[in-house]
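These are the residues of each chain, in order.
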Amino acid sequence: MQHIIDRFLSYVKIDTQSDPTSQTTPSTEKQWKLADLLVDELTHIGMQEVSIDDNAYVMATLPSNLEKEAPVIGFISHFDTSPDFTAEQVNPQIVKGYDGGDIVLNVAEKVVLSPYYFEDLLLYKGQTLITTDGTTLLGADDKAGITEIITAMEYLIQHPEIPHGKIRVAFTPDEEIGRGAHQFDVEKFGADWAYTMDGSQVGELEYENFNAASAKVIVKGISVHPGYAKGKMVNALGIANEFIWILPPEETPQSTSDREGFFHVHHMKGEIEHAEFEMIIRDHDRDQFEKRKQLLRDIAKKLNSIYGDCVSLEIKDQYFNMGEKVKPVFHIVEVAREAMEAVGISPIVKPIRGGTDGSQLSFMGLPCPNIFAGGHNFHGKYEYVPVESMQKAVEVIVKICELVGKSQ
(Lines give C-alpha, C1' and ligand atoms only; values in the text may rest on other atoms or scores of the structure.)
Protein backbone atom coordinates (compact mmCIF):
# COMPACT_ATOMS: atom_id res chain seq x y z
CA MET A 1 0.00 0.00 0.00
CA GLN A 2 2.73 2.48 0.91
CA HIS A 3 4.49 1.84 -2.40
CA ILE A 4 1.31 2.77 -4.28
CA ILE A 5 0.78 5.84 -2.10
CA ASP A 6 4.33 7.10 -2.64
CA ARG A 7 4.15 6.58 -6.39
CA PHE A 8 0.77 8.28 -6.69
CA LEU A 9 1.80 11.28 -4.57
CA SER A 10 4.92 11.80 -6.68
CA TYR A 11 2.70 12.14 -9.75
CA VAL A 12 -0.09 14.33 -8.42
CA LYS A 13 2.31 16.92 -7.01
CA ILE A 14 3.38 17.72 -10.59
CA ASP A 15 1.05 20.22 -12.26
CA THR A 16 0.05 18.77 -15.65
CA GLN A 17 -3.08 20.80 -16.41
CA SER A 18 -3.95 20.92 -20.10
CA ASP A 19 -5.13 24.02 -21.99
CA PRO A 20 -7.97 23.90 -24.55
CA THR A 21 -6.91 27.23 -26.08
CA SER A 22 -3.44 25.95 -27.02
CA GLN A 23 -2.73 24.53 -30.47
CA THR A 24 0.35 22.52 -29.49
CA THR A 25 0.67 18.89 -28.38
CA PRO A 26 1.00 18.65 -25.48
CA SER A 27 -1.09 21.74 -24.93
CA THR A 28 1.04 22.84 -21.98
CA GLU A 29 4.80 22.67 -21.57
CA LYS A 30 4.49 21.50 -17.96
CA GLN A 31 3.10 18.13 -19.05
CA TRP A 32 6.60 17.22 -20.24
CA LYS A 33 7.85 17.08 -16.64
CA LEU A 34 5.70 14.09 -15.74
CA ALA A 35 6.10 12.49 -19.17
CA ASP A 36 9.89 12.51 -18.78
CA LEU A 37 9.58 11.17 -15.23
CA LEU A 38 7.47 8.27 -16.49
CA VAL A 39 10.10 7.40 -19.09
CA ASP A 40 12.71 7.21 -16.34
CA GLU A 41 10.46 5.15 -14.09
CA LEU A 42 9.48 2.67 -16.80
CA THR A 43 13.16 2.18 -17.60
CA HIS A 44 14.01 1.78 -13.91
CA ILE A 45 11.48 -0.99 -13.26
CA GLY A 46 12.76 -2.97 -16.25
CA MET A 47 10.34 -2.23 -19.08
CA GLN A 48 11.70 -2.46 -22.61
CA GLU A 49 11.25 -0.39 -25.80
CA VAL A 50 10.60 2.68 -23.65
CA SER A 51 9.99 5.69 -25.89
CA ILE A 52 8.68 9.23 -25.87
CA ASP A 53 7.83 11.03 -29.10
CA ASP A 54 7.77 14.68 -30.10
CA ASN A 55 4.24 15.07 -28.72
CA ALA A 56 5.04 13.52 -25.30
CA TYR A 57 3.32 10.19 -25.94
CA VAL A 58 5.08 7.61 -23.76
CA MET A 59 5.11 3.91 -24.69
CA ALA A 60 6.84 0.81 -23.32
CA THR A 61 6.81 -2.98 -23.61
CA LEU A 62 6.78 -5.90 -21.22
CA PRO A 63 7.96 -8.82 -23.40
CA SER A 64 6.07 -12.10 -23.43
CA ASN A 65 7.28 -14.94 -21.21
CA LEU A 66 5.33 -17.56 -23.16
CA GLU A 67 6.74 -20.15 -25.53
CA LYS A 68 3.87 -19.62 -27.99
CA GLU A 69 2.27 -16.52 -29.43
CA ALA A 70 -0.50 -14.68 -27.61
CA PRO A 71 -2.50 -11.55 -28.38
CA VAL A 72 -0.68 -8.31 -27.66
CA ILE A 73 -2.72 -6.31 -25.16
CA GLY A 74 -2.26 -2.76 -23.92
CA PHE A 75 -3.06 -0.50 -20.97
CA ILE A 76 -3.43 3.27 -21.39
CA SER A 77 -3.82 6.27 -19.07
CA HIS A 78 -3.44 10.02 -19.48
CA PHE A 79 -1.19 12.29 -17.45
CA ASP A 80 -2.85 15.67 -18.01
CA THR A 81 -5.37 17.02 -15.52
CA SER A 82 -8.53 18.99 -16.14
CA PRO A 83 -8.46 22.74 -16.87
CA ASP A 84 -11.80 23.04 -15.02
CA PHE A 85 -10.17 23.61 -11.62
CA THR A 86 -6.75 24.69 -10.41
CA ALA A 87 -4.00 22.05 -10.25
CA GLU A 88 -1.21 24.25 -8.92
CA GLN A 89 0.50 23.15 -5.70
CA VAL A 90 -1.55 20.03 -5.11
CA ASN A 91 -1.19 19.11 -1.44
CA PRO A 92 -2.74 15.67 -0.89
CA GLN A 93 -4.03 14.56 2.51
CA ILE A 94 -4.11 10.94 3.69
CA VAL A 95 -7.07 9.76 5.78
CA LYS A 96 -6.35 6.35 7.33
CA GLY A 97 -9.21 4.17 8.56
CA TYR A 98 -11.95 6.46 7.28
CA ASP A 99 -14.71 6.46 9.91
CA GLY A 100 -17.67 7.24 7.64
CA GLY A 101 -18.07 10.84 8.79
CA ASP A 102 -17.25 14.28 7.43
CA ILE A 103 -13.69 14.97 6.32
CA VAL A 104 -12.58 18.56 6.83
CA LEU A 105 -10.40 19.31 3.81
CA ASN A 106 -9.71 22.93 4.64
CA VAL A 107 -10.53 24.63 7.93
CA ALA A 108 -9.89 28.18 6.74
CA GLU A 109 -12.08 27.81 3.64
CA LYS A 110 -14.64 25.62 5.42
CA VAL A 111 -14.39 22.92 2.76
CA VAL A 112 -15.87 19.62 3.96
CA LEU A 113 -16.05 16.31 2.10
CA SER A 114 -19.26 14.81 3.47
CA PRO A 115 -21.03 11.48 2.86
CA TYR A 116 -24.32 13.35 3.22
CA TYR A 117 -23.62 14.91 -0.17
CA PHE A 118 -21.16 12.39 -1.64
CA GLU A 119 -22.79 9.10 -0.66
CA ASP A 120 -20.11 6.97 -2.35
CA LEU A 121 -17.77 7.78 0.54
CA LEU A 122 -19.63 5.24 2.66
CA LEU A 123 -18.43 2.48 0.31
CA TYR A 124 -14.94 3.02 1.67
CA LYS A 125 -15.49 3.08 5.42
CA GLY A 126 -12.40 1.72 7.14
CA GLN A 127 -10.16 2.29 4.14
CA THR A 128 -7.32 4.73 3.44
CA LEU A 129 -8.40 7.74 1.38
CA ILE A 130 -6.25 10.30 -0.40
CA THR A 131 -8.01 13.66 -0.67
CA THR A 132 -7.21 17.23 -1.65
CA ASP A 133 -6.58 20.04 0.83
CA GLY A 134 -9.72 21.78 -0.42
CA THR A 135 -7.95 24.27 -2.70
CA THR A 136 -7.07 22.22 -5.80
CA LEU A 137 -8.15 19.13 -7.66
CA LEU A 138 -6.28 15.92 -6.81
CA GLY A 139 -5.38 14.47 -10.20
CA ALA A 140 -6.53 10.89 -9.59
CA ASP A 141 -8.02 11.42 -13.04
CA ASP A 142 -5.88 9.88 -14.35
CA LYS A 143 -2.69 9.63 -12.32
CA ALA A 144 -4.34 6.81 -10.38
CA GLY A 145 -4.48 4.90 -13.67
CA ILE A 146 -0.81 5.56 -14.35
CA THR A 147 0.11 4.43 -10.83
CA GLU A 148 -1.83 1.21 -11.31
CA ILE A 149 -0.39 0.36 -14.71
CA ILE A 150 3.23 0.93 -13.69
CA THR A 151 2.76 -0.92 -10.40
CA ALA A 152 1.18 -3.87 -12.22
CA MET A 153 4.04 -4.01 -14.74
CA GLU A 154 6.54 -3.86 -11.90
CA TYR A 155 4.75 -6.74 -10.17
CA LEU A 156 4.79 -8.89 -13.33
CA ILE A 157 8.50 -8.21 -13.81
CA GLN A 158 9.15 -9.27 -10.22
CA HIS A 159 6.98 -12.39 -10.62
CA PRO A 160 8.06 -14.07 -13.87
CA GLU A 161 6.15 -17.22 -12.88
CA ILE A 162 2.92 -15.45 -13.93
CA PRO A 163 2.34 -16.30 -17.61
CA HIS A 164 1.60 -13.40 -19.94
CA GLY A 165 1.98 -12.42 -23.55
CA LYS A 166 3.49 -9.17 -24.82
CA ILE A 167 2.09 -6.18 -22.94
CA ARG A 168 2.18 -2.62 -24.22
CA VAL A 169 1.57 0.45 -22.06
CA ALA A 170 1.05 4.08 -23.07
CA PHE A 171 0.58 7.39 -21.31
CA THR A 172 -0.93 10.31 -23.18
CA PRO A 173 -1.27 14.09 -22.90
CA ASP A 174 -4.37 16.23 -23.35
CA GLU A 175 -7.13 13.69 -22.78
CA GLU A 176 -9.04 16.19 -20.66
CA ILE A 177 -9.43 18.53 -23.62
CA GLY A 178 -10.47 15.75 -26.01
CA ARG A 179 -7.14 15.37 -27.82
CA GLY A 180 -5.57 12.43 -26.01
CA ALA A 181 -5.80 10.14 -29.02
CA HIS A 182 -5.24 12.70 -31.76
CA GLN A 183 -1.52 12.03 -32.13
CA PHE A 184 -1.57 8.44 -30.82
CA ASP A 185 0.35 6.09 -33.13
CA VAL A 186 -1.85 2.98 -33.13
CA GLU A 187 0.45 1.15 -35.54
CA LYS A 188 3.50 1.81 -33.36
CA PHE A 189 1.61 0.72 -30.25
CA GLY A 190 0.95 -2.57 -32.00
CA ALA A 191 -1.66 -4.05 -29.65
CA ASP A 192 -4.60 -6.22 -30.68
CA TRP A 193 -6.72 -4.47 -28.08
CA ALA A 194 -6.22 -2.31 -25.00
CA TYR A 195 -7.87 -1.01 -21.84
CA THR A 196 -7.92 2.54 -20.57
CA MET A 197 -7.60 2.68 -16.78
CA ASP A 198 -9.72 5.81 -16.46
CA GLY A 199 -12.96 4.89 -14.71
CA SER A 200 -14.18 5.72 -11.23
CA GLN A 201 -15.75 3.33 -8.69
CA VAL A 202 -14.28 -0.13 -8.07
CA GLY A 203 -15.83 -2.58 -10.53
CA GLU A 204 -16.67 -0.15 -13.31
CA LEU A 205 -16.27 -1.76 -16.72
CA GLU A 206 -17.38 0.33 -19.65
CA TYR A 207 -17.49 -0.36 -23.36
CA GLU A 208 -20.07 2.23 -24.38
CA ASN A 209 -19.84 6.01 -24.20
CA PHE A 210 -21.61 9.08 -25.48
CA ASN A 211 -21.63 10.17 -29.07
CA ALA A 212 -20.37 13.70 -28.70
CA ALA A 213 -20.41 17.00 -30.59
CA SER A 214 -19.81 20.64 -29.81
CA ALA A 215 -21.85 23.54 -31.13
CA LYS A 216 -21.26 27.27 -31.32
CA VAL A 217 -24.09 29.71 -31.96
CA ILE A 218 -23.38 33.30 -33.01
CA VAL A 219 -26.11 35.93 -33.20
CA LYS A 220 -25.64 39.26 -34.99
CA GLY A 221 -27.86 42.07 -33.75
CA ILE A 222 -28.61 45.72 -34.51
CA SER A 223 -28.29 48.29 -31.75
CA VAL A 224 -30.70 51.22 -31.81
CA HIS A 225 -31.57 53.71 -29.07
CA PRO A 226 -34.22 51.90 -27.01
CA GLY A 227 -36.52 54.91 -27.16
CA TYR A 228 -36.71 54.64 -30.95
CA ALA A 229 -36.12 50.88 -31.34
CA LYS A 230 -39.55 49.67 -32.46
CA GLY A 231 -39.22 47.67 -35.65
CA LYS A 232 -35.49 48.41 -35.84
CA MET A 233 -33.55 46.90 -32.91
CA VAL A 234 -32.41 43.29 -33.18
CA ASN A 235 -31.28 42.25 -29.69
CA ALA A 236 -28.68 39.49 -30.10
CA LEU A 237 -28.83 38.63 -26.40
CA GLY A 238 -32.58 38.12 -26.52
CA ILE A 239 -32.38 35.90 -29.60
CA ALA A 240 -29.58 33.83 -28.05
CA ASN A 241 -31.72 33.31 -24.97
CA GLU A 242 -34.70 32.41 -27.12
CA PHE A 243 -32.59 29.75 -28.87
CA ILE A 244 -31.66 28.22 -25.52
CA TRP A 245 -35.22 28.30 -24.19
CA ILE A 246 -36.47 26.34 -27.21
CA LEU A 247 -34.24 23.44 -26.19
CA PRO A 248 -36.01 20.73 -24.14
CA PRO A 249 -35.62 21.95 -20.52
CA GLU A 250 -35.57 18.41 -19.13
CA GLU A 251 -32.63 17.38 -21.34
CA THR A 252 -29.76 18.92 -19.41
CA PRO A 253 -26.91 17.25 -17.48
CA GLN A 254 -28.54 17.98 -14.13
CA SER A 255 -31.80 16.35 -15.21
CA THR A 256 -30.55 13.17 -16.93
CA SER A 257 -28.82 9.91 -16.04
CA ASP A 258 -27.92 6.45 -17.37
CA ARG A 259 -28.42 6.40 -21.16
CA GLU A 260 -30.28 9.69 -21.39
CA GLY A 261 -28.66 12.31 -23.60
CA PHE A 262 -28.56 16.07 -23.14
CA PHE A 263 -27.74 19.55 -24.39
CA HIS A 264 -25.37 21.53 -22.19
CA VAL A 265 -24.75 25.26 -22.62
CA HIS A 266 -21.45 25.96 -20.87
CA HIS A 267 -20.28 29.39 -22.09
CA MET A 268 -22.22 32.52 -23.05
CA LYS A 269 -21.32 36.14 -23.66
CA GLY A 270 -22.75 39.06 -25.55
CA GLU A 271 -24.39 42.43 -25.97
CA ILE A 272 -27.08 43.83 -28.24
CA GLU A 273 -24.95 43.78 -31.41
CA HIS A 274 -23.30 40.41 -30.85
CA ALA A 275 -23.99 37.37 -28.69
CA GLU A 276 -22.59 33.86 -28.74
CA PHE A 277 -22.75 30.70 -26.71
CA GLU A 278 -21.16 27.26 -26.80
CA MET A 279 -22.70 23.93 -25.94
CA ILE A 280 -22.06 20.22 -26.06
CA ILE A 281 -24.46 17.58 -27.40
CA ARG A 282 -24.41 14.06 -25.98
CA ASP A 283 -26.34 10.84 -26.63
CA HIS A 284 -25.50 7.13 -26.47
CA ASP A 285 -27.85 6.32 -29.35
CA ARG A 286 -26.43 7.34 -32.73
CA ASP A 287 -29.84 8.08 -34.30
CA GLN A 288 -30.89 10.22 -31.34
CA PHE A 289 -27.53 11.98 -31.51
CA GLU A 290 -28.16 12.94 -35.13
CA LYS A 291 -31.67 14.14 -34.23
CA ARG A 292 -30.22 16.38 -31.52
CA LYS A 293 -27.91 18.04 -34.03
CA GLN A 294 -30.79 18.44 -36.46
CA LEU A 295 -32.87 20.13 -33.75
CA LEU A 296 -30.18 22.81 -33.42
CA ARG A 297 -30.24 23.37 -37.18
CA ASP A 298 -34.03 23.61 -37.12
CA ILE A 299 -33.99 26.18 -34.30
CA ALA A 300 -31.42 28.29 -36.13
CA LYS A 301 -33.53 28.13 -39.30
CA LYS A 302 -36.69 29.12 -37.42
CA LEU A 303 -35.05 32.11 -35.71
CA ASN A 304 -33.49 33.26 -38.97
CA SER A 305 -36.90 33.19 -40.62
CA ILE A 306 -38.25 35.41 -37.81
CA TYR A 307 -35.37 37.81 -37.30
CA GLY A 308 -33.68 37.84 -40.69
CA ASP A 309 -30.64 35.56 -41.05
CA CYS A 310 -28.92 36.72 -37.89
CA VAL A 311 -28.08 33.30 -36.41
CA SER A 312 -25.12 31.18 -37.50
CA LEU A 313 -24.48 27.67 -36.19
CA GLU A 314 -21.32 25.55 -36.26
CA ILE A 315 -21.46 21.90 -35.15
CA LYS A 316 -18.37 19.71 -34.79
CA ASP A 317 -18.40 15.98 -34.03
CA GLN A 318 -15.97 15.10 -31.23
CA TYR A 319 -16.15 11.33 -30.75
CA PHE A 320 -18.55 8.42 -31.15
CA ASN A 321 -19.81 5.49 -29.08
CA MET A 322 -17.02 2.93 -28.91
CA GLY A 323 -19.64 0.20 -28.46
CA GLU A 324 -19.88 0.12 -32.26
CA LYS A 325 -16.29 -1.12 -32.42
CA VAL A 326 -16.06 -3.13 -29.19
CA LYS A 327 -19.20 -5.27 -29.53
CA PRO A 328 -17.80 -7.20 -32.55
CA VAL A 329 -14.84 -8.25 -30.34
CA PHE A 330 -16.80 -8.59 -27.12
CA HIS A 331 -14.46 -11.23 -25.72
CA ILE A 332 -12.14 -8.40 -24.66
CA VAL A 333 -14.86 -7.17 -22.29
CA GLU A 334 -15.43 -10.70 -21.00
CA VAL A 335 -11.73 -11.06 -20.19
CA ALA A 336 -11.89 -7.95 -18.00
CA ARG A 337 -15.10 -9.16 -16.38
CA GLU A 338 -13.53 -12.55 -15.60
CA ALA A 339 -10.42 -10.84 -14.17
CA MET A 340 -12.51 -8.70 -11.83
CA GLU A 341 -14.51 -11.66 -10.58
CA ALA A 342 -11.30 -13.65 -10.06
CA VAL A 343 -9.99 -11.00 -7.63
CA GLY A 344 -13.27 -10.66 -5.76
CA ILE A 345 -14.82 -7.67 -7.54
CA SER A 346 -18.41 -7.54 -8.77
CA PRO A 347 -18.26 -5.89 -12.22
CA ILE A 348 -20.41 -2.81 -12.75
CA VAL A 349 -21.05 -2.76 -16.48
CA LYS A 350 -22.58 0.53 -17.59
CA PRO A 351 -22.22 3.15 -20.31
CA ILE A 352 -19.89 6.08 -19.70
CA ARG A 353 -21.63 9.43 -19.42
CA GLY A 354 -18.64 10.99 -21.11
CA GLY A 355 -15.75 9.79 -23.22
CA THR A 356 -12.21 8.51 -22.87
CA ASP A 357 -9.19 8.17 -25.11
CA GLY A 358 -10.57 4.69 -25.71
CA SER A 359 -13.60 5.99 -27.56
CA GLN A 360 -11.41 7.63 -30.19
CA LEU A 361 -8.84 4.83 -30.22
CA SER A 362 -11.57 2.27 -30.88
CA PHE A 363 -12.47 4.10 -34.07
CA MET A 364 -8.76 4.28 -34.95
CA GLY A 365 -8.51 0.49 -34.99
CA LEU A 366 -7.63 -0.20 -31.33
CA PRO A 367 -10.70 -1.55 -29.47
CA CYS A 368 -10.38 -0.10 -26.01
CA PRO A 369 -12.88 -0.63 -23.14
CA ASN A 370 -12.50 1.36 -19.94
CA ILE A 371 -11.74 -0.03 -16.46
CA PHE A 372 -12.05 1.65 -13.05
CA ALA A 373 -9.09 3.57 -11.65
CA GLY A 374 -10.77 4.21 -8.31
CA GLY A 375 -11.11 7.99 -8.02
CA HIS A 376 -14.27 9.97 -7.30
CA ASN A 377 -15.49 13.57 -7.76
CA PHE A 378 -13.05 14.33 -10.56
CA HIS A 379 -12.16 17.87 -11.68
CA GLY A 380 -12.68 19.61 -8.38
CA LYS A 381 -11.67 20.15 -4.77
CA TYR A 382 -13.75 17.21 -3.50
CA GLU A 383 -11.79 14.65 -5.52
CA TYR A 384 -10.52 11.62 -3.63
CA VAL A 385 -9.27 8.08 -4.22
CA PRO A 386 -9.23 5.07 -1.87
CA VAL A 387 -5.82 3.39 -1.89
CA GLU A 388 -7.50 -0.02 -1.67
CA SER A 389 -9.24 0.75 -4.97
CA MET A 390 -5.90 1.36 -6.63
CA GLN A 391 -4.63 -1.91 -5.19
CA LYS A 392 -7.61 -3.73 -6.68
CA ALA A 393 -7.00 -2.10 -10.06
CA VAL A 394 -3.42 -3.40 -9.98
CA GLU A 395 -4.76 -6.90 -9.27
CA VAL A 396 -7.19 -6.63 -12.19
CA ILE A 397 -4.44 -5.60 -14.63
CA VAL A 398 -2.22 -8.47 -13.52
CA LYS A 399 -5.09 -10.94 -13.78
CA ILE A 400 -6.06 -9.75 -17.29
CA CYS A 401 -2.47 -10.31 -18.42
CA GLU A 402 -2.47 -13.78 -16.84
CA LEU A 403 -5.83 -14.81 -18.31
CA VAL A 404 -4.85 -13.77 -21.82
CA GLY A 405 -1.53 -15.60 -21.40
CA LYS A 406 -3.13 -18.78 -20.11
CA SER A 407 -5.76 -18.82 -22.84
CA GLN A 408 -3.11 -19.52 -25.46
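Our subject is the structure that appears above.
Everything quoted here is computed from the prediction, not taken from an experiment. (Residues numbered from 1 in each chain as written. Predicted model: local features only at pLDDT ≥ 70, side-chain atom pairs only at ≥ 80, totals over all residues. Heavy atoms only, no water.)

A look at the overall build of the protein chain
So the rule is basically this: The helix and strand labels rest on DSSP assignments: H or I over at least four residues marks a helix, E over at least two residues marks a strand, and numbering proceeds from the N terminus. We compute the radius of gyration from the C-alpha atoms alone; for a globule the expected value is 2.2 Å times N to the 0.38, where N is the number of residues. It only takes one pair of heavy atoms within 4.5 Å for two residues to be counted as in contact. Only the protein chains shown count as cover for residues, with accessible areas throughout obtained via the Shrake-Rupley method and a probe of 1.4 Å.
Along its length, the protein chain carries 10 helices and 17 strands. Relative to its length of 408 residues, the protein chain is compact, with a C-alpha radius of gyration of 23 Å against a globular reference of 22 Å. C-alpha atoms of the protein chain, sized along the principal axes, occupy 85 × 50 × 40 Å. In the protein chain, 79% of the contacts between residues at least 6 apart in sequence involve partners at least 24 apart. With an accessible surface of roughly 18,100 Å², the protein chain has 49% of that area assigned to carbon and sulfur atoms.

Considerations on the sheet that holds strand E12 (residues 262-270)
Across a sheet, strands are paired by hydrogen bonds formed along the backbone, either parallel or antiparallel in direction. Going by this rule: Whether two strands pair comes down to DSSP finding at least two bridges between them. An axis is simply a line fitted to the C-alpha atoms; with a helix, the fit covers only the stretch in contact. Between two such axes, the angle follows the N-to-C directions and lies from 0 to 180 degrees.
Spatial ordering of the open sheet is given by E12-E13-E11-E14, a layout of 4 strands whose pairing is antiparallel. In this open sheet, the two strands that pair with only one neighbour each are E12 and strand E14 (311-319). Averaged over all pairs of adjacent strands, the angle between their axes in this sheet comes to 15 degrees, without regard to strand direction. In this structure, strand E11 (residues 211-220) lies alongside strand E13 (residues 274-283), joined through 10 bridges in antiparallel fashion. The residue bridging Ala212 from the neighbouring strand is Arg282, located in E13.

Examining the packing of aromatic side chains
Let me state the cut-off plainly: Note on aromatic contacts: the rings of Phe and Tyr and the six-membered ring of Trp form a pair at centre separations within 6.5 Å, being stacked when their planes are under 30 degrees apart, edge-to-face when over 60 apart, and tilted otherwise. Distance and angle both matter: a charge sits over a ring if NZ of Lys or CZ of Arg is within 6 Å of the ring centre and within 35 degrees of the ring normal.
Per the counting criterion, the structure on display carries 11 aromatic pairs. Measuring from ring centre to ring centre gives 5.2 Å for Phe118 and Tyr382, while their planes differ by 40 degrees; the resulting arrangement is tilted. With a gap of 264 residues between them, Phe118 in the loop between strand E6 (111-113) and strand E7 (129-131) and Tyr382 in the loop between strand E16 (370-372) and strand E17 (384-386) connect regions that are remote in the sequence. Positioned over the ring face of Phe263 is Arg292, at 5.0 Å from the centre of the ring.

Some thoughts on the environment of Met153
With respect to the helices and strands, the residue Met153 is situated in helix H3 (residues 140-158). With 111 residues separating them along the chain, Met153 and Leu42 place their C-alpha atoms 8.9 Å apart. In this view, Met153 contacts Ile45, Met47, Leu62, Phe75, Ile167, Val169, Ile397 and Cys401; residues no more than four positions away in its chain are not counted.

A closer look at the packing of helix H8 (residues 331-342) against helix H10 (residues 387-406)
Axis angle and axis distance: for two packed helices, these are the angle between their axes and the distance between the axes, and together they describe the pair. Going by this rule: Here roughly perpendicular refers to angles of 65 to 115 degrees, roughly parallel to angles under 35, roughly antiparallel to angles over 145, and oblique to all remaining angles. Here a crossing is called left-handed whenever its near helix is offset anticlockwise from the far helix by less than a right angle, and right-handed whenever the offset is clockwise.
It is the contact of H8 with H10, at a shortest axis distance of 9 Å, that shows an interaxial angle of 120 degrees. In terms of orientation, H8 lies oblique with respect to H10. The chirality of how H8 crosses H10 is right-handed. Within the contact between the two elements, H8 uses Val335, Ala336, Glu338, Ala339, Met340 and Ala342 and H10 uses Val396, Lys399, Ile400, Leu403 and Val404.

Let's talk about the sheet that holds E7
Reading across the sheet, the 3 strands line up as E4-E7-E17 and stay open at both edges, with antiparallel pairing between neighbours. The sheet is open, and its two edges are formed by strand E4 (93-95) and E17, each paired on a single side. Each strand axis lies, on average, 20 degrees off the axis of its neighbour in the sheet, ignoring direction. The pairing of E4 with E7 spans 3 bridges and is antiparallel. When the bridges of E7 are listed, Gln93 appears paired with Thr131. Sitting on the sheet, helix H1 (residues 2-12) touches E4, E7 and E17, and the angle it makes with E7 is about 10 degrees.

A closer look at the side chain of Arg282
This is how the line gets drawn: Per-residue accessibility, obtained with a 1.4 Å probe over protein chains only, is compared with the maximum for each type, and a residue is labelled buried under 20%, exposed over 50%, and partly exposed between these values. Note on charges: Lys and Arg go in the positive column, Asp and Glu in the negative column, and His and the chain ends are not counted at all. Salt bridges are defined by distance alone: a side-chain nitrogen of Lys or Arg within 4 Å of a carboxyl oxygen of Asp or Glu. Any N or O atom pair separated by 3.5 Å or less is treated as a polar contact, with the protein-specific requirement of one donor-capable and one acceptor-capable atom, and with residues adjacent in sequence counted only for side-chain atom pairs.
For Arg282, the location among the structural elements is in strand E13. Lacking a salt bridge, the buried Arg282 has Asp317 as its closest oppositely charged neighbour, with an N-O distance of 8.7 Å. Polar side-chain contacts of Arg282 include one of 2.9 Å to the side chain of Gln318. When neighbours within four sequence positions are excluded, Arg282 is seen to be in contact with Phe210, Asn211, Ala212, Ala213, Gly261, Phe262, Arg292, Gln318 and Tyr319.

Re the pattern of salt bridges
Taken as a whole, this structure holds 19 salt bridges when the rule is applied. Between Arg168 and Glu49 there is a salt bridge whose closest N-O contact spans 4.0 Å. Here Arg168 is found in strand E8 (residues 167-172), whereas its partner Glu49 is found in strand E1 (residues 48-52), with 119 residues between them in sequence. Residue classification places Glu49 among the exposed positions, given a relative accessible area of 52%. Between Glu334 and Arg337 there is a salt bridge, with its nearest N and O atoms 3.2 Å apart. Of the two residues, Glu334 and Arg337 are both situated in helix H8; the distance of 3 residues between them amounts to about one turn of the helix.

Regarding the nonpolar core
Using the following cut-off: Each nonpolar core is a collection of buried residues, namely Ala, Val, Leu, Ile, Met, Phe, Trp, Tyr and Cys, held together in the definition by side-chain atoms within 4.5 Å.
Formed by 67 residues in total, the largest nonpolar core has its most connected members in Phe8, Phe75, Met153, Phe171, Ile371 and Ile400. Counting residues per element, this core draws most heavily on H10, at 11 residues. One finds Val217, Val219, Ile239 and Ala300 within the second-largest nonpolar core, a separate group that totals 23 residues.

Focus on unusual backbone geometry
A cis amide bond links Thr25 to the next residue, Pro26, at an omega of 0 degrees. Mapping Pro26 onto the fold places it in the loop between H1 and helix H2 (31-45). Each neighbour pair has its own omega, and for Asp141 with Asp142 the value is 10 degrees, a cis peptide bond. Looking at where Asp142 falls in the secondary structure, it is placed in helix H3. In this structure, Asp174 is a non-glycine residue whose phi angle is positive, near 60 degrees.

Comments concerning the pairing of strand E2 (residues 58-62)
For a regular strand, side chains alternate in direction, first toward one face of the sheet and then toward the other. Extensive coverage of E2 is indicated by the burial of 5 of its 5 residues. Bridge count between E1 and E2: 3 bridges; the pairing is antiparallel. Residue pairing for E2: Ile52 is matched across the bridge by Val58. Where E1 folds back on E2, the antiparallel hairpin that results is connected by 5 residues, among which Ala56 adopts a positive phi of roughly 75 degrees. Of the strand pairs in this sheet, E2 and E8 are connected by 5 bridges, and their pairing is antiparallel. When the bridges of E8 are listed, Thr61 appears paired with Arg168.

Read these as layout, nothing more, since geometry by itself doesn't imply function.
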